[in-house]
Structure formats: structure tokens, C-alpha cells
Amino acid sequence: MSGRCSKVTPAANPAESWRERFKKRRRSSLDGMPQIISQYNGLVKRLCLAALLITGCGIGLAETYEVGPGKAYERIGQAPWATLAPGDTVLIHWRPEPYREKWVICRQGAEDAPITVRGLRGPDGQFPVIDGDGALTGDGLNYWNEPRGIVKVGGANVPPDTMPRHIVIEDLEIRGARPPYRFTDRYGALQTYADNAAAIYVEKAERLTIRNCILHDAGNGLFIGSGGGANVTRDLVVEGNYIFDNGIDDSAYHHNSYTEALGITFQFNRYGPPRARARGNNLKDRSAGLVVRYNWIEGGNRQLDLVDAGARDLVASPEYRLTQVYGNVLIETPDAGNRQIVHYGGDSESQSNYRKGTLLFYHNTVVSWRTDRTTLFRLSTNDERCDARNNVFYVSAPGRTLSVTDSSGRLEFSHNWLKPAWAVTFDQLRGAFHQDGTDIEGDEPGFRDALLQDFGLAAGSAAIDAAGPLAPDAQELRIQYCRHQGAEERPNDGRPDLGAFEFAPSAVAARSRTGTPVAATSRSRGGAMIGLFRK
């Protein structure tokens, strides 16, 4: 990590993702129709705009609707949610008191003209706060499952139901969606939120981006459903968000985020611990075409719970068989929850629907502060495989407290750093473990300052220049996470390092005199930077 989260030029973008290349190879002409239609609509709009200048032809052009004190709309619910059109933007201005409102987004933007819902910050950088406790459903809206969330995407009578498409939600703090919090529904009746309510609840969507939001104090911070039939949720990006303090007391069924889609990328997010008494996972996912990259994920029953899909279309997709996790920081807090860091495969009774594919897990930094045992991977069956390479696996306890696998599955290790005396499993090995002899052992990996959560590499670290080649379908790392919710160029001297951060001598010099990493105090979270890394 360097001293600050800097902007990265478009030229520094990652190479085309595996998922995009995969889709290009396999997409049928029918799959391309939404893009063709969007391009056609955009062309029609531009032609009509030209005609408007010449003949006065009438066409609805993109509008900006401002909400807040002294604006055209004092309340969010007064904005024209039922008639939003491609290119329209709803700007929600910060105000000292929260907006206690809830609404649905069920309209379609276009590829070059998305519908955007954006918060505008206050004088000290405060996000507009949307509080579900005491919220009022938006004027004239009629949608089902009101107790399931504060901001809902998809599934409505008013606006008429459609597949929401090309939507951006950004720069909002959304909180307060769980019992005992209550809201006033469209009929004026008081209701209590469901246990599985979410700050943002997506019933179905295509090409949805959720960016730079703060989601907390809900049953699920973010919930994304798979849709169904012809309306499969697909092609989503969740980036630059801070998701924490979600879950239900004593429940293992509610999580910081819980998602199921055909194609979803998590990047540049900060995941904090769930609610203190909650027993859910941090990032739980059932998607096909899943990419988890450049995130900071701290705490939870498991940091990553990547299990089987319930939607038939997802299980049938070839993308279901390959999951990529790279460039992340995963932190196990002391003696909290399950000792396993990553679960890959399934958790239902239908083992035929388990992922039964490959988890590519590379260039991650995994840190466990547990005083008892830590297990890195649980692979559900012997049909699940994990290729783990170029990672740093650090436990603060002695090396004998670490096992690399639970019991089942096929785990392959190459060019990883670990403490000596680690175990393959604390149980009976029912699967297979292969190590190619390139792993490095040591007492310390050489972090700059682990106690200050500065997991960049210090000069002399054995992890420097120690990485091996990537798997065939893996992506070259050209950027890296920047604390917090940012990104920066990953230095490239032609000899890659282990873990999530590449060694940079300048970063050592950038430390403040107090010993606190400068990166810990800088907050570059603007959409201008994050947007450079969209898929």
C-alpha cells in the first residue's frame, strides 16, 4: 500500500476479465439482443435530438431531479420514480437529519444512459442518510415485499413491473432494516421489517452497479435475489462500499451481504464485522460467474461463504464452475465465529447443485488473530477444487494452530507463505492435497505493521519477488486495494510478490511520524476514481 489512494488512469485498468472473455466465447446471438436494443434506442434518441434542433420534434430528454432542503422535491418519495427514463438522475442532497423514506426502483436505463440515484455529500463529506426506522413508502408507489428492504430494485405494480436495467446507486448511507424497526406502508399501516430485510434489496436486475454506499444495521446489508425464468439477475458490480454491522442476533442465516446472480463482481469494498451477536457470514454468495477482488473483509462467521445456487439457470451456466478470488485482505478476528476462512461448494441438501468446479484463490493476504485453531478452506465435497497460489497465510498463534483444509475436496498449493508446523487438516483427509514444494515458511511474513493493520510488505520480507506463475484462467493484478474503499496501481518490477500488496520502497517512506500508516488516514472514495475500474 502506498501513502495515499491515488487515481489510476484508464490505461492501468485490469486486463479484460475472465468472465468477459468467457461470455464472448459463449454468448449466443439471442444473449446479445439487450445490447443491440440499447444501442438502437440510443441511436434513435440521438437522431430525435438532432430532429428537435431542426424541427422542434418532441422527445423526452434526460432529466435531473433534485431532492433536499430548498430543492424541487423536499422528500425522496416525491421524486418521479414511476416514470424515470434512460439518462435520468435523482440527486439526494445531504441534510442534517436522516431521510426516513423507502422506495422501489423498477425502470430501465440504457447502456450509454443509465438511471442514476446519487447522494450529494454534506460540507464535511457526510453522506445523505436514508433511515428505514420510521420510514414512509414513496408517494404513489405500489410494490410487494415492502418489509424486505429500504431501497428495493425490481418487483412492482407501480411502476409497472419490468426488468430493471442499467441502474446506478451510489453515495448513500442506508440503515435501519431489521426488527424491531418499523415503517409506514403504502396503505398508511405500520409494519415491522422482516428478519431478512436489507438496506438494499434487489429482487431482480440487469447491469446494476451499487457503488460507494454505506450499508449497515439491517438483517442483510445487501441482498440480491436471482430473479427467475426469463428475468435472471445478471451482470452486477458492487464496488467501493462499506458494509458492516448487519445480521440478526443469534442467527446464522443473515449476513453482511447475501447474493445470487449470473455474473457479479465485488471490488474495492470494505466489509466490517457483522453485528456483535449475529452469527452470519460476511460475504455469502450463490452466484455463477463470481469475482471477488481487491476487497477488505474483516470478521464474520466466515469471511467468504461461496455455496450452491438455488436458481436452475445459474447451476446450468458454465460460469458456475469457476470462481475467482484475488487481491483481497481477509481478517479473522480473535475467537469469533467459525474457524474456517473460506467455504466453497454448497450448503443445501442438493449436492448435485454444488459448485463442483474450481476456486482460483491467488494473491490474497489472510490474517487470523485467533488464539485457537484456524482453517483456511472448507471444500464441501471431493468434486470441489481450490488452486491456491501466491498468497500470504498468517496466523498470530503458533503455526501448529493452522490447517489448510477441513477434510474434503482437492486443494493445490503453490508459492504461498505460512508459518512452520502447520497441518494439512485437523480431521481425517478425505480429499487430496498437493504441494509443489514452492511454499515459503517463516516466523513472520514481514508486514510493515500488522498491529496497525498495515499488511504491505516491509523491506527484507521473504514474500518479496516470491510469486510464481498464475493459473491459466487467472487475471494479472495491475491494481491493488487501498485502505479504505479505494484502489491504486500495483507496482510492477517484473517479479511479483506474494499477497495482496506489492512491495514499494516509497510506501515505507510515506509512514507518518506517529507510526500510523498514511494510507490508514486517507480516504479516497470518490466515484470518479472507482468508476475507472468498472467491468
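Note that the structure is a prediction, hence the values are computed from the model and not measured. (Residues numbered from 1 in each chain as written. Predicted model: local features only at pLDDT ≥ 70, side-chain atom pairs only at ≥ 80, totals over all residues. Heavy atoms only, no water.)

A. A look at the pairing of strand E3 (residues 101–105). Most of E3 sits out of view: five of its five residues are buried. Of the two faces of E3, the one carrying Glu101, Trp103 and Ile105 and the one carrying Lys102 and Val104 are both buried. Inspection of the sheet shows E3 paired to strand E6 (residues 135–137) by two bridges, in the parallel sense. When the sheet's bridge partners are listed, Glu101 is paired in E6 with Leu136. Pairing geometry for E3 and strand E7 (residues 149–153), over three bridges, is parallel. Pairing of Ile105 across the sheet is with Val153, part of E7. (Buried < 20%, exposed > 50% of the residue type's maximum accessible area, 1.4 Å probe, protein only. Helix = DSSP H or I, 4+ residues; strand = E, 2+ residues; numbered from the N terminus. Pairing = 2+ DSSP bridges.)

B. Layout of the packing of aromatic side chains. All told, the structure shown has 22 aromatic pairs when counted by the stated rule. With 4.8 Å between their ring centres and 45 degrees between their planes, Phe183 and Tyr193 make a pair best called tilted. Residue Phe183 is located in strand E10 (residues 182–184), and its partner Tyr193 is located in the loop between strand E11 (190–192) and strand E12 (198–202); the two are separated by 10 residues in the primary sequence. For the pair shown, Phe183 and Tyr193 are each scored as buried. Every member of this aromatic cluster is reached through a ring pair, and the members are Trp296, Trp369, Tyr394, Trp417, Phe447, Phe455 and Tyr481. (Phe/Tyr/Trp six-rings, centres within 6.5 Å; stacked < 30°, edge-to-face > 60°.)

C. Summary view of the side chain of Thr365. By the element assignment, Thr365 lies in strand E31 (residues 365–368). Since its relative accessible area comes to 2%, Thr365 is described here as buried. Setting aside its immediate chain neighbours within four residues, Thr365 contacts Asn328, Val329, Leu330, Val392, Phe447, Phe455, Gly499 and Ala500. (Contact = heavy atoms within 4.5 Å.)

D. Broad picture of the nonpolar core. Counting 77 residues, the largest nonpolar core has Trp81, Trp103, Ile169, Phe361 and Phe377 as the members making the most contacts within it. Once residues within four sequence positions are removed from consideration, Ile169 is found in contact with Ile105, Val117, Val151, Val153, Ile200, Leu208, Thr209, Ile210, Arg211 and Cys213. With 31 residues, the next largest nonpolar core counts Trp417, Phe455, Ala463 and Ala487 among its residues. (Core = buried A, V, L, I, M, F, W, Y, C linked by side-chain atoms within 4.5 Å.)

E. Just unusual backbone geometry, in detail. Omega for the peptide link from Val158 to Pro159 comes to 5 degrees, which places this bond in the cis form. Position of Pro159 relative to the elements: it lies in the loop between E7 and strand E8 (165–170). Along the chain, Pro179 connects to Pro180 via a cis peptide bond; the corresponding omega equals 10 degrees. Within the secondary structure layout, Pro180 lies in the loop between strand E9 (173–177) and E10. Positive phi values are uncommon outside glycine, yet Asn145 reaches one of about 60 degrees. With respect to the secondary-structure elements, Asn145 resides in the loop between E6 and E7. Despite not being glycine, Lys356 has its phi angle at roughly 45 degrees, a positive value. Within the secondary structure, Lys356 is located in the loop between strand E29 (340–344) and strand E30 (358–362).

F. Main features of the pairing of strand E4 (residues 115–120). The pairing of strand E2 (residues 89–93) with E4 spans five bridges and is parallel. Bridge assignment links Ile92 to a residue of E4, and that residue is Gly119. Here E4 pairs with E8 via four bridges, running parallel. When the sheet's bridge partners are listed, Val117 is paired in E8 with Ile169.

G. A look at the environment of Trp94. Structurally, Trp94 can be placed in the loop between E2 and E3. In this structure, the C-alpha to C-alpha distance between Trp94 and Val129, residues 35 residues apart in sequence, is 7.4 Å. Each residue touching Trp94, except ones within four places of it in the same chain, is listed here: Pro69, Leu120, Arg121, Gly122, Pro123, Gln126, Phe127 and Pro128.

H. Structural view of the pattern of salt bridges. If you walk through the whole model with that rule in mind, you get 35 salt bridges. As a salt-bridge pair, Asp235 and Arg207 come within 3.3 Å of each other at their nearest N and O atoms. Of this pair, Asp235 sits in strand E18 (residues 234–239) while Arg207 is found in strand E13 (residues 206–211), placing the two residues 28 residues apart along the sequence. (Salt bridge = Lys/Arg side-chain N within 4 Å of Asp/Glu carboxyl O.)

I. Region of the structure containing the environment of Pro96. Here Pro96 is to be found in the loop between E2 and E3. Taking C-alpha positions, Pro96 is 8.4 Å from Pro128, a pair spaced 32 residues apart along the chain.

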